[in-house]
Amino acid sequence: MIAIIGILIALLLPAVQAAREAARRMQCTNNLKQIGVGLHNYHDTNSAFPALAWGPRAKTFPHHYALLPFCEQQSRYETILSSGQAPGGSTTTDEGGLRGVISYLNCPSEPNSNVLIDAYFNQSRGNYVGCLGDTLTSEVKFEETEEYSWQYMMYTKYRGFYQGQRKWPSFAYLTDGSSNTLAECERGMGAEVNGKLIKGNIVAYTEDLTPAACAGNRVGGSSSFTAASVSMPNQVSIWEGLPSMTYYQTILPPNSPSCKIGKYDEGSGYLISSASSYHSGGVNGLLADGSVRFFSDTINAVTSGMNHYNDGTEVTNGVSPYGIWGAYGSAQGGETVSL
């Protein structure tokens with residue numbers, strides 16, 4: 001009898017685990033839909049979507065800050081605004097508005113939701129990042145003066161839903177159609193510097209970076225980087241307007257490695273930031289029309305070229321060189337795409 005009970009438990013356990021993950025994935029989908037509602041309400045109020053980053057103070061905040069009042073976080077928004085708190089490298093001791101888990105920005109399948117990175121003063125983290133499209137790009141550039149320069153926000157233009165810093169896109173900008181343009185996607189959080197999990201870390205490079213070279217950091221078909229990889233954690237703060245922290249690109253397919261040129265604490269360097277999740281086989285993505293779809297790891301994505309290399313100049317439009325995945329990322333590529 002005991003043996004029979006043991007067999008039944010062994011048979012039931014995978015089903016229970018699968019049911020729990022299905023529930024977590026549904027909650028994750030609902031979180032993205034809430035962000036979608038926030039984006040549309042923001043557009044209704046301002047006749048545009050949020051910029052990649054902007055700021056009422058010397059330093060810049062990413063789009064998540066602008067969406068707080070439209071996602072039932074008005075009090076947090078006002079706390080941050082009135083206190084003059086700065087994101088990221090702030091040395092203030094009272095950062096209550098920047099701290100703590102924000103439930104709708106965290107996927108319940110994420111194992112590191114409550115792991116806060118001390119180097120960034122225990123600021124809020126999250127799993128949902130904005131789409132920069134298929135631009136192989138650099139981090140934001142700024143001049144190191146007594147106060148962060150507004151030049152920090154002006155250099156780069158992207159081909160995705162989020163065009164760049166202090167650039168507010170509208171529905172008119174989405175010429176490929178809102179149902180064919182990704183706005184947000186998932187990305188796994190990292191818990192430690194030099195971690196080896198692809199879903200949580202970004203490899204730090206010191207040489208030229210191509211999609212193929214970045215993809216080569218994977219150990220076989222595993223979810224780990226090579227032992228020699230030096231990495232920084234993904235998403236150390238949702239309040240930083242840096243592409244490596246709060247955004248992703250549709251270059252390498254979901255759950256591929258992410259890579260940048262530059263050290264852990266540097267704010268510049270060419271970057272490939274891939275979408276990732278702890279769901280099996282792919283990631284949830286929010287389209288600009290407010291719908292959420294599941295994008296498979298096996299989605300078509302061409303990775304051999306250095307196309308749309310961004311050296312600080314405007315990038316041109318045109319069909320994405322990164323297949324269907326790239327087409328969903330580009331807002332004005334002229335492609336008709338379908339899963």
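No experiment lies behind these values; they were computed from the predicted model shown.

What counts, and at which threshold
- Residues numbered from 1 in each chain as written.
- Predicted model: local features only at pLDDT ≥ 70, side-chain atom pairs only at ≥ 80, totals over all residues.
- Heavy atoms only, no water.
- Helix = DSSP H or I, 4+ residues; strand = E, 2+ residues; numbered from the N terminus.
- Buried < 20%, exposed > 50% of the residue type's maximum accessible area, 1.4 Å probe, protein only.
- Contact = heavy atoms within 4.5 Å.
- Areas by Shrake-Rupley, 256 points an atom, 1.4 Å probe, with all protein chains shown as cover.
- Pairing = 2+ DSSP bridges.
- Polar contact = N/O pair within 3.5 Å; in protein donor to acceptor, adjacent residues only side chain to side chain.
- Arc of directions from axis to C-beta.
- Disulfide = S-S within 2.5 Å.
- Salt bridge = Lys/Arg side-chain N within 4 Å of Asp/Glu carboxyl O.
- pLDDT = per-residue confidence, 0-100.
- Core = buried A, V, L, I, M, F, W, Y, C linked by side-chain atoms within 4.5 Å.

**Description of the overall build of the protein chain**
Looking only at helices and strands, the protein chain has six helices and 12 strands in total. Counting all 339 residues of the protein chain, 54% fall into the buried class. For the protein chain, contacts bridging at least 24 residues in sequence account for 71% of all contacts bridging at least 6. With the model as given, the accessible surface of the protein chain reaches about 13,700 Å², and the carbon-plus-sulfur share is 54%.

**What about the sheet that holds strand S11 (residues 282-287)?**
On the basis of which strands lie adjacent, the open sheet formed by five strands has the order S8-S3-S5-S11-S12 and mixed pairing. Each having just a single partner strand, strand S8 (247-248) and strand S12 (292-296) make up the two edges of the open sheet. Sheet topology places strand S5 (residues 182-186) next to S11; three bridges connect them, and they run antiparallel. For Glu184, the partnering residue across the bridge sits in S11 and is Leu286.

**Description of the side chain of Ser258**
Inspection of the secondary structure assignment puts Ser258 in strand S9 (residues 258-261). From its side chain, Ser258 meets the backbone nitrogen of Ser274 in a polar contact 2.8 Å long. Beyond its immediate sequence surroundings of up to four residues, Ser258 is in contact with Asn201, Ile202, Val203, Cys214, Phe225, Ile272, Ser273 and Ser274.

**Things to note about helix H3 (residues 74-83)**
Those residues of H3 that fall on the buried side of the exposure criterion are Arg76, Tyr77 and Ile80. Take H3 and look down its axis: the buried residues cluster within an arc of 105°, on one side only. Across H3 from its buried face, at more than 90 degrees, point the exposed residues Ser75 and Ser82. On the buried face of H3, the contacting elements are strand S1 (53-54), strand S2 (61-62) and helix H2 (63-67).

**Here's the deal with the state of the cysteines**
Within the structure shown, the criterion is met by one disulfide. Two residues share a disulfide in this structure: Cys214 and Cys259, whose sulfurs sit 2.1 Å from each other. Residues Cys214 and Cys259 are joined through a disulfide that is right-handed, its torsion about the S-S bond being 95°. One end of the pair, Cys214, is in helix H4 (residues 211-215); the other, Cys259, is in strand S9, with 45 residues separating them in the sequence. We note that Cys214, like Cys259, is buried. Here Cys107 is not cross-linked by a disulfide; its sulfur's nearest cysteine counterpart is in Cys28, at 3.4 Å. A disulfide-free cysteine, Cys131 has its sulfur positioned 7.8 Å from the sulfur of Cys185, the nearest such atom.

**Points about the pattern of salt bridges**
Scanning the model with the defined rule gives one salt bridge in all. The salt bridge partner of Arg159 is Asp134, with a shortest N-O separation of 2.5 Å. Of this pair, Arg159 sits in the loop between strand S4 (137-138) and S5 while Asp134 sits in the loop between strand S3 (128-131) and S4, and the two are 25 residues apart along the sequence. As far as the burial class goes, Arg159 and Asp134 line up, both buried.

**Considering the side chain of Arg159**
You can call Arg159 buried: its relative accessible area is 3%. Side-chain polar atoms of Arg159 contact the side chain of Asp134, separated by 2.5 Å.

**Considerations on the confidence of the model for the protein chain**
Of all residues in the protein chain, 72% have pLDDT values of 70 or greater, and the mean over the chain is 78. When the criterion is pLDDT under 50, residues 264-268 qualifies, and its contacts beyond four places in sequence or with other chains add up to 15 contacts. The model gives residues 306-315 a pLDDT under 50, and that stretch makes 32 contacts with residues more than four places away or in other chains.

**Notes on the nonpolar core**
In this structure, Ile35, Leu39, Tyr65, Leu68, Phe161 and Trp239 are the most contacted members of the largest nonpolar core, which totals 37 residues. Among the elements of the structure, helix H1 (2-46), S1, H2 and H3 are those that each provide at least two residues to this core. Sort the elements by how many residues they give to this core and H1 lands first, with five residues. When sequence neighbours within four positions are dropped, the list of residues in contact with Phe161 reads Leu39, Phe49, Cys131, Pro169, Tyr173, Leu174, Thr181, Leu182, Ala183, Ala288, Gly329 and Ala331. In this structure, Tyr248, Ala301, Trp325 and Tyr328 belong to the second largest nonpolar core, which totals 13 residues.

**Some points on the pairing of S3**
Where S3 and S5 come together, three bridges link them in antiparallel fashion. Residue pairing across strands places Gly130 opposite Glu184, the latter belonging to S5.

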